[in-house]
Amino acid sequence: MTDGIPGAIPDGSHLFLTHFCASSPEAAGLERALLADLGTGRFRTLEEITAYFDGLEPVDPGVTYLPLWRPEEPVEPPLTVGQSLMAGGLALTV
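These notes cover the structure that comes with them. Just so it is clear, the model here is predicted, and its values are computed rather than measured. (Residues numbered from 1 in each chain as written. Predicted model: local features only at pLDDT ≥ 70, side-chain atom pairs only at ≥ 80, totals over all residues. Heavy atoms only, no water.)

Now for a nonpolar patch on the surface. A cluster of nonpolar side chains, Phe20, Leu34 and Leu38, forms an exposed patch at the surface whose accessible area comes to about 270 Å². By relative accessible area, Leu34 is classed as partly exposed at 32%. (Patch = residues over 30% accessible without salt bridge, like charges linked within 9 Å, V, L, I, M, F, W, Y side chains within 5 Å. Areas by Shrake-Rupley, 256 points an atom, 1.4 Å probe, with all protein chains shown as cover. Salt bridge = Lys/Arg side-chain N within 4 Å of Asp/Glu carboxyl O. Buried < 20%, exposed > 50% of the residue type's maximum accessible area, 1.4 Å probe, protein only.)

All right, on to the pairing of strand S1 (residues 14–20) then. Going residue by residue along S1, you find Leu15, Leu17 and His19 tucked away on one face and His14, Phe16, Thr18 and Phe20 left uncovered on the opposite face. Of the strand pairs in this sheet, S1 and strand S4 (residues 86–92) are connected by seven bridges, and their pairing is antiparallel. Across the sheet, the residue bridging to His19 is Ala87, located in S4. (Helix = DSSP H or I, 4+ residues; strand = E, 2+ residues; numbered from the N terminus. Pairing = 2+ DSSP bridges.)

For S4, a buried count of five out of seven residues is recorded, marking the element as mostly surrounded by other parts of the structure. One ladder, built from two bridges, connects strand S2 (residues 57–58) with S4; its direction is antiparallel. Bridging from a neighbouring strand, Pro58 pairs with Ala91 of S4. Relative to S4, strand S3 (residues 64–65) runs antiparallel, the two sharing two bridges. Residue pairing in the sheet places Thr64 in a bridge with Gly88 of S4.

Next up on the list: the environment of Phe20. Within the secondary structure layout, Phe20 lies in strand S1. The sequence separation of Phe20 and Ala87 amounts to 67 residues, and the corresponding C-alpha distance is 6.5 Å. Non-local contacts of Phe20, meaning those with residues more than four positions away in its chain, are made with Leu34, Phe43, Arg44, Ile49, Leu85 and Met86. (Contact = heavy atoms within 4.5 Å.)

As enumerated under the stated definition, the model contains one salt bridge in all. Residues Arg42 and Glu48 are paired through a salt bridge, measuring 3.1 Å at the closest nitrogen-oxygen approach. For Glu48, a relative accessible area of 31% translates into the label partly exposed.

Before going further, it helps to examine the environment of His19. Inspection of the secondary structure puts His19 in strand S1. On the basis of relative accessibility, which here comes to 14%, the residue His19 falls in the buried class. A C-alpha to C-alpha distance of 10 Å links His19 and Glu48, two positions 29 residues apart in sequence. Ignoring any residue separated from it by four or fewer positions in sequence, one finds His19 in contact with Arg42, Phe43, Arg44, Ile49, Leu85, Met86 and Ala87. At 2.8 Å, the side chain of His19 and the side chain of Arg44 are in polar contact. (Polar contact = N/O pair within 3.5 Å; in protein donor to acceptor, adjacent residues only side chain to side chain.)

Spelled out as C-alpha cells, the structure:
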C-alpha cells in the first residue's frame, strides 16, 4: 500500500487527481473570491499536490499544469493565469 493514501487504494489501481493550484498572486486572489462564495477549500502548490502521490509510481508527465499534461498540440509558454490554475497527475499503486 502507499504512504500517502494508506489503505485507500488497492495495489494495482490508478489515482488520478486534479486540484486548484496556488501558482501566482492572481491565483491567490481567485482563491479568496472562491472562499468568500463557498466558505471552504484552498488552493495548493505543485509540491503539495505532488505529495498526494507519495509512495505511488507516477505516470508521465507526472504532476503538472493541466494544459501540459499530454497536450494534443504544443503549448506555448508562458502559461496564462487560467492555464496554471489547475494541476493534476496520474499514478499507479505498487
